[in-house]
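Residue-level structural notes
The primary structure of each chain is shown beneath.
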Amino acid sequence: MLKNDILNIINKAAENSGYFIYESFVIFSKGDAKIIVKIDSERVISHNDCEIYSRELSLLLDESGLLPNYFLEISSPGTNRKIRDTEEFIRFRNAPVKVVYSFGDQQRVAKGILSEINESGIEIIEEKSKIFINHGDVIKANLDY
């Protein structure tokens, strides 16, 4: 399947250039393809990183011959990126976060510093209080720079 082949190339380009993929999408329209990729790294992603990855991805796509016409949109996840799993919570310990979570039948919002992460949940330090949120209660979480 063409889309899977392209996704494999997207991942290969990341591996070759030292990044990993945060998100990727392939959109087909009238014989053209738009490829949207958000790259990530343990360090902050710069414009130069996007250029390096874009060159590698273009090279692999051109070599594959899969797409006669394509458009690339390469970026970082951004400063307000989603935090999607426990590994990312661990990675962003001590960072400012905004977490929407369930509290009984209600939804609440916690904004503060992500201070602790364990197998049960996360702890956020707000202005003068600490909030513990079970992983299962997190509806969505983002960095909040």
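What follows deals with the sheet that holds strand β1 (residues 20–29). With respect to topology, three strands assemble into an open sheet ordered β1-β2-β3, the strand pairing being mixed. A strand with exactly one partner marks an edge of an open sheet, and here the two such strands are β1 and β3 (70–75). Mean inter-strand twist for the sheet, computed between neighbouring axes without regard to direction, equals 15°. Pairing analysis gives nine bridges linking β1 to strand β2 (residues 32–40), with the strands arranged antiparallel. Of the residues in β2, the one forming a bridge with glutamate 23 is lysine 38. Strand contacts of helix α1 (residues 2–17): β1 and β2, with the helix running at about 145° to β1, the strand carrying the most contacts.

Our next topic: the pairing of strand β6 (residues 121–125). When you tally the buried positions in β6, you get four out of five residues, the bulk of the element. Here strand β5 (residues 106–117) runs beside β6; their pairing, made up of four bridges, is antiparallel. Bridged to glutamate 116 within β6 is glutamate 123. Hairpin connection between β5 and β6: a loop of three residues separates the two successive antiparallel strands. Two strands pair when backbone bridges link them, and β6 and strand β7 (residues 130–134) are joined in this way by five bridges, in the antiparallel orientation. In the strand pairing of β7, glutamate 123 is matched with phenylalanine 132. Between β6 and β7, which pair antiparallel in sequence order, lie four residues.

Quick look at the pattern of salt bridges now. Taken as a whole and judged by the stated rule, the model has 12 salt bridges. Here lysine 38 makes a salt bridge to glutamate 23, at a shortest N to O gap of 3.6 Å. Here the residue lysine 38 occupies a position in strand β2, and glutamate 23 occupies one in strand β1, the gap between them amounting to 15 residues. For the salt bridge of arginine 91 with glutamate 42, the shortest nitrogen-to-oxygen distance reads 4.0 Å. Of this pair, arginine 91 sits in helix α3 (residues 86–91) while glutamate 42 sits in the loop between β2 and α2 (47–64); the two residues are 49 residues apart in sequence, bridging distant segments of the chain. Through salt bridges with shared partners, a single network forms among Asp40, Glu42, Arg81, Arg84, Glu88 and Arg91.

What counts, and where the lines are drawn
- Residues numbered from 1 in each chain as written.
- Predicted model: local features only at pLDDT ≥ 70, side-chain atom pairs only at ≥ 80, totals over all residues.
- Heavy atoms only, no water.
- Pairing = 2+ DSSP bridges.
- Helix = DSSP H or I, 4+ residues; strand = E, 2+ residues; numbered from the N terminus.
- Axes fitted to C-alpha atoms, helices over the stretch in contact; angles between N-to-C directions.
- Contact = heavy atoms within 4.5 Å.
- Buried < 20%, exposed > 50% of the residue type's maximum accessible area, 1.4 Å probe, protein only.
- Salt bridge = Lys/Arg side-chain N within 4 Å of Asp/Glu carboxyl O.

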